[in-house]
Amino acid sequence: MVETLVPFAAALIVGLWGVLSLLAARAGQPAALGRVALGRVVPAGGLALALVAALTGLTAPELVGELQARGAIVVDRLAALFDALIVTVLLAAVLADPRPGAEPRAAWGRGMLLLAGAGAMLAVRAGDWASLIVGLELATLAGGLCLAAGREGETSEAAEAAGRESARTWLMGQGVGAAILWLGIGLVIAATGTTRLHELGGRVSAVFLRWGAHTAQAAVDVLQAKEAMPAGLIAHARDAAVEGMAPAALFIPGALLVLAGLLVRAGVVPLLVGRTRVAGRAGLCGWVATELVLRTAAVAALIRVFVVALHAPRVVYAPYGWGTAAAVLGGLSVVVCGVRAARAADLRRLLAWAGAAQVGLTLLAVAAAANFVAHAGLRAGGLEVADHYVWGHTAAEAAVVGAVAGHAVFVLASCAAMAAAGSVHAGRGLVDLAGAVRRSPVLAISLAICALALAGAPPTAGLPARWWLFTAVLENSNVLVRAMAAAAALGTALVAWACLRPLLAALTPAAGEPAQPRPRRGGLVVAAVLAGMLVGAGIFAQGAWSMFEEAAAGVAFQPGSKSRREWLSRAER
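Residues numbered from 1 in each chain as written. Predicted model: local features only at pLDDT ≥ 70, side-chain atom pairs only at ≥ 80, totals over all residues. Heavy atoms only, no water.

1. Brief notes about the nonpolar core
Core analysis: the largest hydrophobic core is formed by 176 residues, its most contacted members being Phe251, Ile303, Phe306, Leu310 and Trp322. Setting aside chain neighbours within four positions, we find Phe251 in contact with Val188, Ala191, Thr192, Val204, Phe208, Leu310 and Val315. (Core = buried A, V, L, I, M, F, W, Y, C linked by side-chain atoms within 4.5 Å. Buried < 20%, exposed > 50% of the residue type's maximum accessible area, 1.4 Å probe, protein only. Contact = heavy atoms within 4.5 Å.)

2. Brief notes about the packing of aromatic side chains
All chains considered together, the criterion is met by 2 aromatic pairs. With 4.9 Å between their ring centres and 65° between their planes, Phe306 and Trp322 make a pair best called edge-to-face. With Phe306 in helix 13 (residues 284-309) and Trp322 in the loop between helix 14 (313-316) and helix 15 (323-343), the pair connects residues that are 16 residues apart, well separated along the chain. Since its relative accessible area comes to 1%, Trp322 is described here as buried. Ring centres 5.1 Å apart and planes at 65° place the aromatic pair Trp468 and Trp545 in the edge-to-face group. Taken together, the positions of Trp468 in helix 20 (residues 462-474) and Trp545 in helix 23 (residues 541-552) put the pair 77 residues apart, joining distant regions of the chain. A residue is classified by how much of its surface remains accessible, and Trp468, at 15% relative accessible area, is buried. (Phe/Tyr/Trp six-rings, centres within 6.5 Å; stacked < 30°, edge-to-face > 60°. Helix = DSSP H or I, 4+ residues; strand = E, 2+ residues; numbered from the N terminus.)

3. A look at the pattern of salt bridges
On inspection of all chains with the given rule, the structure shows 9 salt bridges. The shortest N-O distance in the salt bridge between Arg196 and Asp128 comes to 3.1 Å. Of this pair, Arg196 sits in the loop between helix 8 (156-192) and helix 9 (200-211) while Asp128 sits in the loop between helix 6 (104-123) and helix 7 (129-147); the two residues are 68 residues apart in sequence, bridging distant segments of the chain. Residue classification places Asp128 among the buried residues on the basis of a relative accessible area of 6%. The closest approach of N and O atoms between Arg203 and Glu199, which form a salt bridge, is 3.9 Å. Classification of Arg203 by relative accessible area gives partly exposed; the value is 33%. A relative accessible area of 31% means that Glu199 is categorised as partly exposed. Salt bridges linked by common partners bring Arg275, Glu291 and Arg295 together as one network. (Salt bridge = Lys/Arg side-chain N within 4 Å of Asp/Glu carboxyl O.)

4. Considering the confidence of the model for the protein chain
Considering every residue of the protein chain, the mean pLDDT works out to 80; 79% of them sit at 70 or more. Confidence over residues 379-384 falls short of pLDDT 50; this stretch has 5 contacts with residues more than four positions distant or in other chains. (pLDDT = per-residue confidence, 0-100.)

5. Digging into unusual backbone geometry
Across the chain, the bulk of peptide bonds are trans and the bulk of non-glycine residues have phi less than zero. Omega for the bond connecting Val269 with Pro270 falls within 30 degrees of zero, at 5°, which places this linkage in the cis form. As for its placement among the helices and strands, Pro270 is situated in the loop between helix 11 (231-266) and helix 12 (275-281). Geometrically, the link from Pro458 to Pro459 is a cis peptide bond, its omega value of 0° lying close to zero. Within the secondary structure, Pro459 is located in the loop between helix 19 (441-455) and helix 20. A positive phi angle, near 45°, is found at Val273, a position not held by glycine. Here Val273 lies in the loop between helix 11 and helix 12. Val273 gets classed as partly exposed once you look at its relative accessible area, which sits at 34%.

Dropping the structure here:
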């Protein structure tokens, strides 16, 4: 029993600490012991323990991918990697939060942040639709309630009013996304007859096989015949045709609706539903919950559903597949987000637009990975060219590595930038960072590293992550994917310029202003540590590649399957 709970230890700890924080916040004015529970020491200690548990799962040699809880939960290195990323961000947000540790409103926000993290950690290891929905909705609702706690630097009444408005906008937009996602999942379940993601691939193949079966096509030929037919034969042919095509007619729009619903959660143009407006009014914990934690869960869900499950050629390729729509949406989104980020005057909104651009790049990589797997399946089943089969799956893993590494760099760099800005009590505009370099050299160095990482520049991990992603995408033979990658490169350049603006603002002297207080130590330490992680990953890029490669190994094979074990054993040799 204990060994079964080990992979979920990090999620259980985060969820438990979130509930305890909420209970302590609702207790009113705390005593001395309550102030310790409300403060940062106890939550940070719990998150540190959760981080140790996540890293232990990431380095476990026997973690090759299994299904638990009757197929509802996936246990593999990819889930452990996402767990470690989420817990790292949660710990950084708790330590960098500029509000007093024992303030009930701040404690409520931190408790909801931890609950959002627990929901995201459930979603990243979802093995069926139920666990995916529960995890995403928990993260979404907790993120909205975290926004309701308001932002720092405002009076209690103003923060409460602004927080409620932000939460209302967030929940209304995400409610639309939930309706789209649930409708799509319902159509997919109706078409395939299963709720398990690991059974989805085989069921989808059966759906299209039934559509193209001889009896269904013969019925269509009868209905299209010009000769007069008996009424009974026409009715029978109509029933046979409808019965043959109905599952496919349900599945195709259902899969596209699932894609749209997950992209609302991830945040990509034009499915942002007021996300950047909310980000501009959010506090640190609310911003981290909605822009980083939930986005990480949605990225993991995209990989679980569209690379692991829905990679059959008929499902990926046009005219019925999702790959074309995803590639076009991803490439154009990066361009639009790059333009909007270059015009943003607020750090929170700038980073929100940069995050939406990163989701566009991730979507391109996901489409490329599914294309690789579909191509390998066609070749292995038809021509039986073993080398092409190996190349296809290896290229798909490289695309997933690029997607996950790019997302991880964005998450760590943006969290560090928010912590650095919070340490000097920066307001809404980039101009509030002016003169920050004179207050602390550590702050200046941290901001410089964050800006370089977000721009994809050396010596940070942003350069290798961006290189891995574009190399994997451009290796795809699909002309449309390559064209969208070229458009995304232009958008990435705009995002890079936009992300260098906070550094330029910090280097600009604040003339005529009174002396500013020194940066707050908690936020400064968090920014410095995360910046050091980004530089270390950039210098030792080969080690980072090995870690991401191990997490993505066998990603296109169903967890617990014989083919996955054979592929991993082959990779070890």
